[in-house]
Every structure is written in structure tokens, then in C-alpha cells.
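Residues per chain are reported as follows:
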Amino acid sequence: MTTETALTASDLRLLAEAGTLAPSLHNSQPWRFRPTPDLLGLEVLADLGRTVPAADPDGRALHISIGAALFNLRVAAAHLGRAAEVRLLPSGEDGQPRAVLDLSAPARTPSPFGPDLYPVVPKRHSSRHAFTNRDVPEALVGELIVAAREEGVTLTMLEEHDVRRVLALTAEAEARIAADVTREAETRRWLRVEPSYDGIPLAALGSHDRDARVPMRGFTGHPPHHATPAERFEALPQLATLVTHFDHQADWLRTGQAMERVWLLATAHGLRASVLHQAVEIPDTRWRLRDTAEGPGHVQLVLRLGYGPPGTAAPRRPVEDVLLDPVEAAG
Ligand SMILES: Cc1cc2nc3c(=O)[nH]c(=O)nc-3n(C[C@H](O)[C@H](O)[C@H](O)COP(=O)(O)O)c2cc1C
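What you see is a predicted model, and the numbers here were worked out from it, not measured in a lab. (Residues numbered from 1 in each chain as written. Predicted model: local features only at pLDDT ≥ 70, side-chain atom pairs only at ≥ 80, totals over all residues. Heavy atoms only, no water.)

Visitor: Explain unusual backbone geometry to me, using residue names and the numbers behind them.
Guide: In this structure, the amide linkage connecting Gln96 to the following residue, Pro97, adopts the cis form with an omega of -5°. Relative to the elements of secondary structure, Pro97 occurs in the loop between strand 3 (85-88) and strand 4 (99-102). The backbone phi angle of His26 is positive, close to 55°, even though this residue is not glycine. The residue His26 is located in the loop between helix 1 (9-20) and strand 1 (31-35) in this model. (Helix = DSSP H or I, 4+ residues; strand = E, 2+ residues; numbered from the N terminus.)

As C-alpha cells, this is what we get:
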């Protein structure tokens, strides 16, 4: 059944606003949205003027970021009472668009993702603050695992031993990235404040307690919330990995959707999150992130979860920059 009701200008704006609130590597926001010629759908394009080539040469993080925007579009479509039928990579790898949403049918259920996630979209921020030592309840971990699985991605909450291993790999990758002048210059271009980790340069940390602190990158455009490398993070961060069976563009798009679905669901339950991406950015540390006991799998993302301050809203591109004119869709 189709509604055959064309998307209005205000529907398109609402969709694009939700899409652009998604998280992205270095807040690069590498997406654009283009209505289909019949105005019953939306294409999601990679904005290739906003790639981050030194940190992300294969476009893996680009596709994860686009996948996150795609999930927000699905949430906004549900809010508009429309079902969102998604086709990934309809023109193959590297082709445009990266995904197409058919929005012609009415929603089958008012809230397809459990709680209504639409009001949560503007409330989700990266929180790079210290979290409390309160554990994420098992039942909630179970919900997050199911949410990721429904997007085709495996979420694993790490045990203490693996948390320490992942933090050590993150610190190692961070030091290597810091020593790479090309990457440092690239990060500095995207970062609007000095590239430290919410004010904590890793080099300033004693190696004995390095694993009790979490290297962070701040992209809010505001100065770090403290100036000295003194803040202690939670004794043992709660980390989760997102893993896929294969490592193709479609898997990266699925990872982005799973990440955003998990992050919004977590936010709806009062949890905060941030991404630790450094170890995934370097091939050999990424390889060593794998949990060999779990069998083959490609680690796409490390999420830090916990209870604490909400984080600050990072700036976004105006909707006019990301929403292409419907007229262009015909061309
Ligand atoms: C693929 C990817 C990698 C990211 N890597 C990091 C990271 O290593 N450190 C960090 O603090 N934030 C990281 N982020 C979070 C972004 O910096 C953040 O989403 C962006 O600045 C927008 O802010 P917001 O999440 O508060 O909306 C990453 C996000 C994505 C999607």
C-alpha cells in the first residue's frame, strides 16, 4: 500500500534536520540529501568535499557517518507516519547515492525502534566527560545488543580484561597518530579547539595510569571544559565494540545505523556515550582489537557508555547546505 503523498518542503526540512544531527568522524558531516523526482523518497549522498583522507583513507568512517544520518532519517520518517524502505548502495560501491529511502508507504507501527527516538535525536551528544562508576544494567545492555543485531551488527560489552586491552591499543594508536604530521594537521583543520583530549594530552599522562584515563577528541567548538591534565576518568570505562562479519561499504553503512540506533536508545535511557576511534584508524591496531575467542569479525567502532554529564551540542551545517533542491533531482 502506498500513500502516494508527496513529501512537502517542511517534511523534507524535518528529515534533513534530523539527518544532519547524526554523529560523524571529526564532525565532518559528509552527507547530502536529495528528494527523488516523484518526491516519495530521499537519496542519501556522500559529500565528497568533506572526506578525511589521512584518518579515513578507505572511506570506512565516511560510510559509518552516513549510516548514522540514514538511521536518523528513518526515525524522522516514522515521526512523519511513513515507513522507510531502505536500499543500500543501489548503484554499487562508490556509486551515488549511498542509500535510497522509499517513503511512499504509511508506517506499519508508530514506533518501530521501541521507544520513540525522534525527540532523542537532538539530545544525543558525544559526552567526553568523566562518567560515574555506575554499571550499565544488564537488561539495558541486552536491549542495546538486540538493537544492534536488528541492524545486522554485533554489539559486545567488554569484560575488564578486554577493556584494558582496548584502552592500551587506543593509547598506542593515539600516540602514533599524534606523531604523524599529516594526520595531526588534518585533525587540527577539523577541530576548532586545540587537539587534546578534552584538555588531556596523552603525552602528559603517566604510563602507569594511562589505562584509567580515556583519550578524547573535542569537536564542539568550545574550549575544553578543563585546562589541566588532571581529571580522572571512571576507574574502569564501560566499552562496547560494534563488529561486522564482512568489511565492505554496506557493512560500514549498517554499522553507522546500528551505532546511532544504540546511541539514541542509550540516550533515551539516560546513558551517555562517546566514540574511541583511534585504534580502528590504524590497520594493525584495528586487527589487534579483534576478540580472537569470538571468531572472525571486523571491529568497526568502540563506544564508551556510562552515566555522567550530557556533553555539548556540536555545530552543524545549515539545512540549506545539505538538502539539495528537488529540481536538481531531475537533472
Ligand atoms: C566514525 C566516527 C568516529 C569518531 N571518532 C571519535 C573519536 O575518536 N573521539 C571522539 O571523541 N569522538 C569521535 N567521534 C564523535 C564525533 O567527534 C562527534 O560525533 C561529532 O563531533 C559530533 O558531535 P556529537 O556526537 O556530539 O553530535 C566519532 C564519530 C564517528 C561517527
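That shown, we press on.
Visitor: Pulling in residues and values, what's your account of helix 3 (residues 138-150)?
Guide: Between its first and last C-alpha atoms helix 3 spans 19 Å; for 13 residues at 1.5 Å apiece the expected length is 18 Å, and the two agree. Taken together, the buried positions of helix 3 are Leu140, Val141, Leu144, Ala147 and Ala148. One face of helix 3 carries all of its buried residues, which in axial projection span an arc of 120°. Away from its buried face, by an angle of more than 90 degrees, helix 3 presents the exposed residues Glu138, Ala139, Arg149 and Glu150. (Expected span 1.5 Å × (residues − 1). Buried < 20%, exposed > 50% of the residue type's maximum accessible area, 1.4 Å probe, protein only. Arc of directions from axis to C-beta.)

Visitor: Now, about the nonpolar core: what can you tell me, with residues and values included?
Guide: Leu15, Phe33, Leu42, Val44 and Leu144 are the most contacted members of the largest nonpolar core, which totals 60 residues. Take this core: its biggest share by element is 11 residues, from helix 2 (residues 60-79). Those residues in contact with Leu15, other than ones at most four positions away along the chain, are Leu7, Leu42, Leu73, Ala76, Ala77, Leu80 and Leu103. Membership of the second largest hydrophobic core comes to 16 residues, among which are Leu158, Val163, Leu239 and Leu276. (Core = buried A, V, L, I, M, F, W, Y, C linked by side-chain atoms within 4.5 Å. Contact = heavy atoms within 4.5 Å.)

Visitor: Quick one: what's the story with the sheet that holds strand 1, residue by residue and with numbers?
Guide: A sheet is described by the order of its strands in space; here 4 strands give the open sequence 1-2-4-3, paired in antiparallel fashion. Sheet topology places strand 1 and strand 3 at the edges, where each strand pairs with a single neighbour. Strand-to-strand twist in this sheet, taken as the mean axis angle between neighbours without regard to direction, amounts to 20°. Alignment of strand 1 against strand 2 (residues 41-46), held across 5 bridges, turns out to be antiparallel. Paired with Phe33 across the two strands is Val44, which belongs to strand 2. (Pairing = 2+ DSSP bridges. Axes fitted to C-alpha atoms, helices over the stretch in contact; angles between N-to-C directions.)

Visitor: Explain the packing of aromatic side chains residue by residue, including any values.
Guide: Scanning all chains against the criterion turns up 1 aromatic pair. Between the NZ or CZ atom of Arg134 and the centre of the ring of Tyr307, over which it lies, the distance is 3.7 Å. When the ring centre of Trp287 is taken as reference, the NZ or CZ atom of Arg290 above it lies at 3.7 Å. (Phe/Tyr/Trp six-rings, centres within 6.5 Å; stacked < 30°, edge-to-face > 60°. Lys NZ or Arg CZ within 6 Å of the ring centre and 35° of its normal.)

Visitor: A description of the packing of helix 2 against helix 6 (residues 249-268) should follow, citing residues and the corresponding values.
Guide: In the contact formed by helix 2 and helix 6, the axes pass within 6 Å of each other and the chain directions differ by 50°. In this view, helix 2 runs oblique relative to helix 6, as classed from their interaxial angle. Judged by the twist between their axes, the crossing of helix 2 over helix 6 is right-handed. Counted together, Arg60, His63, Ile64, Ile66, Gly67, Ala68, Leu70, Phe71, Asn72, Arg74 and Val75 of helix 2 and Gln249, Trp252, Leu253, Thr255, Gly256, Gln257, Met259, Glu260, Arg261 and Leu264 of helix 6 form the full contact between these two elements. The class makeup of the residues in the contact of helix 2 with helix 6 is 10 nonpolar, 7 polar and 4 charged. (Parallel < 35°, antiparallel > 145°, perpendicular 65-115°, else oblique. Left-handed = near helix turned anticlockwise from the far one by under 90°. Nonpolar A, V, L, I, M, F, W, Y, C, P; charged D, E, K, R; others polar.)

Visitor: An account of the pattern of salt bridges is requested, with residue identities and associated values reported.
Guide: Counted by the stated rule, this structure contains 20 salt bridges. With a shortest N-O distance of 3.6 Å, Arg124 and Glu260 are connected by a salt bridge. Of this pair, Arg124 sits in the loop between strand 4 and helix 3 while Glu260 is found in helix 6, placing the two residues 136 residues apart along the sequence. The burial state of Arg124 is the same as that of Glu260; both residues are buried. For Glu281, the salt bridge is made with Arg183, and the minimal N-O distance between the two is 2.9 Å. Separated by 98 residues along the polypeptide, Glu281 in helix 7 (residues 278-281) and Arg183 in helix 5 (residues 181-190) bring together distant segments of the chain. Of the two residues examined, Glu281 and Arg183, each falls in the buried class. (Salt bridge = Lys/Arg side-chain N within 4 Å of Asp/Glu carboxyl O.)

Visitor: I'd like a rundown of the packing of helix 1 against helix 2, residues and numbers included.
Guide: Packing of helix 1 against helix 2 brings their axes to within 7 Å, and their N-to-C directions diverge by 145°. For the crossing formed where helix 1 meets helix 2, the hand is right-handed. Note on element contacts: helix 2 touches helix 1 through Ala69, Asn72, Leu73, Ala76, Ala77 and His79, opposite Leu14, Leu15, Ala16, Ala18 and Gly19. Along the lines of polarity and charge, the residues of the contact of helix 1 with helix 2 split into 8 nonpolar, 3 polar and no charged.

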